[in-house]
Amino acid sequence: DAKTTQPTSMDCAEGRAANLPCNHSTISGNEYVYWYRQIHSQGPQYIIHGLKNNETNEMASLIITEDRKSSTLILPHATLRDTAVYYCIVRVVTAGGTSYGKLTFGQGTILTVHP
Amino acid sequence: GAVVSQHPSWVICKSGTSVKIECRSLDFQATTMFWYRQFPKQSLMLMATSNEGSKATYEQGVEKDKFLINHASLTLSTLTVTSAHPEDSSFYICSAFRRTGLTGELFFGEGSRLTVL
């Protein structure tokens, strides 16, 4: 799986948009970009994933650059409960095989949302 | 609501005893589940891949005789830490993949914190 690079930490004011960048310059054509977050002492929570098009769901938006070498996770209106470690992961997802759910976690970005 | 549930959430045991942690997919079938371990202030480290009806696949450096994994049904995988020692104290997290079309989502349990005295 391609390696990702994320800033170690970021701050955001409550109510403002949080933009979390991720570099994945060695991503290959069949690798998806996944975002998870982990609130302290809990299991990781799935946020969103995408291949090349921008994606949006009830939690966040994912913006992937045209060359797919980087992406940005956007939390449109951050709240205190969004304080967590955010992980950007790229990996191949295939219809078969047993490795499709296997993820390699980096150190992630510690996002702190303050009042 | 949670789609993957772990039990127990936390457990304290004496050194030398064995501890079993359960991981259940609540509203979908998972032929494959994954077990991770996380030490304080560190990222998740994959321990093993649990395959329904067959042997688990362990990552390099993980002792299969110490961390017994059983995936007896499509909704349940168990991790047993045998002869636990204080260095086994950690946060254990399971995950299960729910396929949606050509891709899918990997859901994680709430985690189980093990403290070995």
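Please refer to the structure higher up on the page.
Report on the accompanying structure. If you're wondering where the values come from, they're calculated on a predicted model, not measured in any experiment. (Residues numbered from 1 in each chain as written. Chains lettered and ligands numbered in written order. Predicted model: local features only at pLDDT ≥ 70, side-chain atom pairs only at ≥ 80, totals over all residues. Heavy atoms only, no water.)

1. A short note on the overall build of chain A
Thinking step 1. If you tally the helices and strands in chain A, you get zero helices and nine strands.
Thinking step 2. Counting from the amino terminus, chain A carries its helices and strands in the arrangement β-β-β-β-β-β-β-β-β.
Thinking step 3. The globule rule puts the C-alpha radius of gyration for 115 residues at 13 Å, and the 14 Å found for chain A is close to it.
Thinking step 4. Each principal axis of the C-alpha atoms in chain A carries an extent, and together these give about 45 × 30 × 25 Å.
Thinking step 5. Across the 115 residues of chain A, 45% fall into the buried class.
Thinking step 6. Counted over contacts in chain A with a minimum sequence separation of 6, partners at least 24 positions apart contribute 59%.
Thinking step 7. Carbon together with sulfur atoms contributes 50% to the accessible area of chain A, which is approximately 5800 Å² in total.
Thinking step 8. The centroid of the 9 positive side-chain charges in chain A is displaced by 5 Å from the centroid of its 9 negative side-chain charges. (Helix = DSSP H or I, 4+ residues; strand = E, 2+ residues; numbered from the N terminus. Rg over C-alpha atoms; globule rule 2.2 N^0.38 Å. Buried < 20%, exposed > 50% of the residue type's maximum accessible area, 1.4 Å probe, protein only. Contact = heavy atoms within 4.5 Å. Areas by Shrake-Rupley, 256 points an atom, 1.4 Å probe, with all protein chains shown as cover. Lys, Arg positive; Asp, Glu negative; His and termini not counted. Charge placed at Lys NZ, Arg CZ, Asp CG, Glu CD.)

2. Some details on the sheet that holds strand β2 (residues 18-23) of chain A
All names here are of chain A.
Thinking step 1. Pairing is antiparallel in the open sheet, where four strands are placed in the order β2-β7-β6-β5. Whereas interior strands pair on both sides, the edge strands pair on one side only; in this sheet they are β2 and β5 (55-56).
Thinking step 2. Examined bridge by bridge, β2 and strand β7 (residues 70-75) share six bridges and lie antiparallel to one another. Bridge pairing in β7 places C22 opposite S71. (Pairing = 2+ DSSP bridges.)

3. Remarks on unusual backbone geometry
Thinking step 1. Residue H7 of chain B is joined to P8 of chain B through a cis peptide bond whose omega torsion reads 0°.
Thinking step 2. Inspection of the secondary structure puts P8 of chain B in the loop between β1 (4-7) and β2 (10-13).

4. Side note on the interface of chain A and chain B
Thinking step 1. Taken together, the contact pairs 21 residues of chain A with 24 residues of chain B.
Thinking step 2. Interface area for chain A against chain B, summed over the two sides, is near 1900 Å², with a carbon-plus-sulfur share of 55%.
Thinking step 3. One can count zero salt bridges joining chain A with chain B.
Thinking step 4. Listing elements by their share of the side of chain A that touches chain B, those giving two or more residues are β3 (31-38) and β4 (45-50) of chain A.
Thinking step 5. Top contributing element to the side of chain A that touches chain B by residue count: β3 of chain A, with four residues.
Thinking step 6. When its residues are assigned to classes, the side of chain A that touches chain B shows 11 nonpolar, nine polar and one charged. (Buried area = accessible area lost by both parts, 1.4 Å probe. Salt bridge = Lys/Arg side-chain N within 4 Å of Asp/Glu carboxyl O. Nonpolar A, V, L, I, M, F, W, Y, C, P; charged D, E, K, R; others polar.)

5. Side note on the pairing of β7 of chain A
Residue and element names in this part refer to chain A.
Thinking step 1. Here strand β6 (residues 61-64) pairs with β7 via four bridges, running antiparallel. When the bridges of β7 are listed, L62 appears paired with L73.
Thinking step 2. Counted between consecutive antiparallel strands, the loop separating β6 from β7 contains five residues, among which R68 sits at a positive phi close to 65°.

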